[in-house]
Amino acid sequence: MLAVALSLAAAAAFAASAMFIVSVSGRVGPLQLSRWQMSLAFLMTTAIVLVTGGWRSLDLPMVLWLTASSASGIMIGSLAYIATIQFTGPRISALLFTTASPFALALGFGFRGETVSPIQAAGVGLIVAGIALAVMGPKQDEGVQIPRPLWIGISLGLLTSFAQALGSLLARPAMLAGADPVAAMAVRSGTGALFFIALLALPALRPSTLPSLSSIRQIGLSAVAGMVVGMSFLMAALAVGDVGIVTTLSSTTPILILPMVWAVYHRMPRPLAWMGAALAVVGTALISATS
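Residue indices follow the written sequence of each chain, beginning from 1 at its first position. Note on the predicted model: pLDDT of at least 70 is required for a residue's local features to be given, and 80 or more for side-chain atom pairs to be given and counted; whole-chain, interface and lining totals, by contrast, use all residues. For the side-chain quantities, the full set of heavy atoms in the structure was used; hydrogens and water were omitted.

Asker: What should I look at first to understand the overall build of the protein in this one?
Answerer: On a plain count of helices and strands, the protein comes out with 12 helices and 0 strands. Overall, the protein shows an N-to-C arrangement of helices and strands of α-α-α-α-α-α-α-α-α-α-α-α. Taken over the C-alpha trace, the protein has a radius of gyration of 18 Å; the compact-globule value for 291 residues is 19 Å, and the two agree within 12%. Here's how the labels work: a residue is buried when its accessible area is under 20% of the maximum for its type, exposed when over 50%, partly exposed in between, all with a 1.4 Å probe on protein chains only. For the protein, with 291 residues in total, the buried portion stands at 48%. Using a 1.4 Å probe, accessible areas were evaluated by the Shrake-Rupley method; residue-level cover was limited to the displayed protein chains. In the form shown here, the protein has an accessible surface area of approximately 13200 Å², with 74% of it arising from carbon and sulfur atoms. When charges are counted, neither His nor the chain ends are considered; positive counts come from Lys and Arg and negative counts from Asp and Glu. The atom standing in for a charge is NZ when the residue is Lys, CZ when it is Arg, CG when it is Asp and CD when it is Glu. Of the charged side chains in the protein, 13 are positive and 6 negative, and the gap between their average positions amounts to 12 Å. Secondary structure is summarised from DSSP: a helix means a run of H or I of at least four residues, a strand means a run of E of at least two, and numbering begins at the N terminus for each. C-alpha atoms define the radius of gyration, and 2.2 Å times the number of residues to the power 0.38 defines the globule rule.

Asker: What's the story with the side chain of serine 72 in this structure? I'm lost.
Answerer: By the secondary structure assignment, serine 72 is in helix α3 (residues 60-88). When checking whether two residues touch, look at their non-hydrogen atoms; a contact exists if any pair is within 4.5 Å. In contact with serine 72, not counting residues within four places along its chain, are Gly77, Ala163, Leu166, Gly167 and Leu170.

Asker: Where do I start with the confidence of the model for the protein in this structure?
Answerer: Low pLDDT means the predicted atomic positions in that stretch should not be read closely. Scored from 0 to 100, pLDDT reflects the predictor's confidence in each residue. Averaged over the protein, the pLDDT score is 88; the fraction of residues at 70 or greater is 94%. Considering each helix and strand of the protein separately, the mean pLDDT is smallest for helix α4 (residues 90-97), with a value of 76, and largest for helix α8 (residues 181-198), with 96. Contacts of residues 140-144 to residues separated by more than four positions or lying in other chains number 12 contacts, the stretch itself having pLDDT below 50.

Asker: Would you mind going over the packing of helix α7 (residues 150-176) against helix α9 (residues 213-240) with me for this structure?
Answerer: The convention used is that axes are lines fitted to C-alpha atoms, helices contributing only their stretch in contact, and that angles between N-to-C directions extend from 0 to 180 degrees. The geometry of α7 relative to α9 is characterised by a closest axis approach of 8 Å and an angle of 70° between their N-to-C directions. Classified by the angle their axes make, α7 and α9 are roughly perpendicular. On the side of α7, the interface is formed by Ser168, Ala171, Arg172, Met175 and Leu176, while α9 contributes Met235, Ala236, Leu238, Ala239 and Val240. By definition in this entry, angles of less than 35 degrees are roughly parallel, angles greater than 145 are roughly antiparallel, angles of 65 to 115 are roughly perpendicular, and the rest are oblique.

Asker: Explanation requested: the environment of alanine 225 in the structure shown.
Answerer: Tracing the backbone shows alanine 225 in helix α9. Look at alanine 225 and you get buried, because its relative accessible area is 11%. It is 8.8 Å that separates the C-alpha atoms of alanine 225 and phenylalanine 20, two residues lying 205 residues apart in sequence. Look past the residues within four positions of alanine 225 in its chain and what remains in contact with it is Ala13, Ala16, Ser17, Phe20 and Gly230.

Asker: What is the right way to look at the pattern of salt bridges in this model?
Answerer: When the charged atoms of two side chains lie near each other, side chains of opposite charge can form a pair. Each reported salt bridge corresponds to a side-chain nitrogen of Lys or Arg within 4 Å of a carboxyl oxygen of Asp or Glu. A complete count under the given rule lists 3 salt bridges for this structure. Between glutamate 114 and arginine 112 there is a salt bridge whose closest N-O contact spans 3.8 Å. The salt bridge partner of arginine 172 is glutamate 114, with a shortest N-O separation of 2.7 Å. You can see arginine 172 sitting in helix α7 and its partner glutamate 114 sitting in the loop between α5 (100-112) and α6 (118-135), a full 58 residues away along the chain. Its relative accessible area of 11% is what places glutamate 114 among the buried residues. A single network of salt bridges, built from pairs that share partners, joins Arg112, Glu114, Arg172 and Asp242.

Asker: Help me understand the side chain of serine 69 in this model?
Answerer: Mapped onto the secondary structure, serine 69 falls in helix α3. Here serine 69 falls in the buried class, since its relative accessible area comes to 0%. At 2.9 Å, the side chain of serine 69 forms a polar contact with the side chain of arginine 188. The residues contacting serine 69, other than those within four sequence positions of it, are Ile74, Gly167, Leu170, Ala171 and Arg188. We define a polar contact as two N or O atoms separated by no more than 3.5 Å, with the added condition that, inside protein, one atom must be a possible hydrogen donor and the other a possible acceptor, whereas residues neighbouring each other in sequence contribute only through side-chain atom pairs.

Asker: Sorry, what's going on with the packing of α8 against α9 here?
Answerer: A pair of packed helices is captured by two measures, namely the crossing angle of their axes and the spacing between those axes. Interhelical geometry of α8 versus α9 gives an angle of 115° and a closest axis separation of 8 Å. The interaxial crossing formed by α8 with α9 has right-handed handedness. Of the residues in α9, those in contact with Pro181, Val182, Ala184, Met185 and Arg188 of α8 are Met227, Met231, Ser232, Met235 and Ala236. Charged residues are taken to be Asp, Glu, Lys and Arg, nonpolar residues to be Ala, Val, Leu, Ile, Met, Phe, Trp, Tyr, Cys and Pro, and polar residues to be all remaining types, Gly included. Here the residues of the contact of α8 with α9 sort into 8 nonpolar, 1 polar and 1 charged. Handedness of a crossing is defined here by the sense of rotation of the near helix relative to the far one, left-handed for an anticlockwise turn of less than a right angle and right-handed for a clockwise turn.

Asker: Would you mind showing me how to read α3 here?
Answerer: Along an α-helix, residues three or four positions apart point the same way, because every turn accommodates 3.6 residues. Helix span, as expected, comes to 1.5 Å for every residue beyond the first. With 29 residues, α3 extends 40 Å between its outermost C-alpha atoms, agreeing within 8% with the 42 Å of an ideal straight helix rising 1.5 Å per residue. The largest bend in α3 comes to about 35°, at glycine 77. The N-terminus of α3 is capped by aspartate 59, whose side-chain oxygen sits 3.0 Å from the backbone nitrogen of methionine 62. Positive phi shows up at glycine 89, right after α3, with a value of about 90°. Across the chain, bend at a residue is computed as the angle between axes fitted to the seven residues ending at that point and the seven starting from it.

Here it is as C-alpha cells:
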C-alpha cells in the first residue's frame, strides 16, 4: 500500500510540475528547459542532502546504479521524447508513453522475477486504458506539422517508454539497498545536468538567448515539484514496490492533472477524459486492494 501512495504522490507532483511549465512553453526550448530543470534540481537536492546527511546512505555501487538509471531514463529518455513530439505531436506522444507500463512489467519480470497477480494485471490494464482515453482528443495536435514517415516517431516513442522503464529498473537495486531518495535524485539530476550542459558544446544545440527571470522562476518551481518532490517520491516507491506497478501508477499524471486544469483554467475536461479517469481509479483500487 505504501508503494501505491508514494507512486500516486509522484504522479501528482509531476502534474503540478507540468502546470508550472505551461507558462514558459513556446518561450523556452525543450533542451534548454531540461538543462535548467536538471541543474536547479541538482542544486536543490544537493542542499537538502548536505543538511540531512543523506549522502552517507550512498556507496559506490549505488551511485553507479543511479548513474546508469539517469543515463537511460533522463538522457536517452528525454532526448527521445523531445524527438517523438517533433515527429508525432503531443497527443500521439502521450499515447505512446503509456507503453512504459508493459515495458516495466516485462523488465521487472525478466530481470528481477517480479510478478503481478491477475487482479493487479487487470488494474494495470485499466490504468493504461484510462490514461490513453484521457490524452485522446482531436484538438490537442491542431497546428502541429508532423513530418513523415510516422514510423520513425512511433519508434522514438517506444524507445522513450523503454528508456524510462529501464531507468526505473536500474534505480531499484540502489533503492533496495537503502539509498536515501533525495540523495538518489541528486545523483540522477546531477548526471542529467552534466549531460545537458555538455550538449552546449554542439553549436546547433546552443540557445540563442537565455530565459527571462520570470521563466527561470517558473522552471525552478517546476523543478521543485517534479524533479525534487516527484522523483524523490518515485525513488522511495521503488524501494518498496515492484517496478511495473510503480511505473504504472506514477504514469497517471494525465489523469491527476485534469482537476488541476479545471481549478486553475476553469476548463471542464472532456467526457472521454472523465471516462479515462474513472477507469484509472478502478484500476488503482484493484492494485491497492492486493498490495
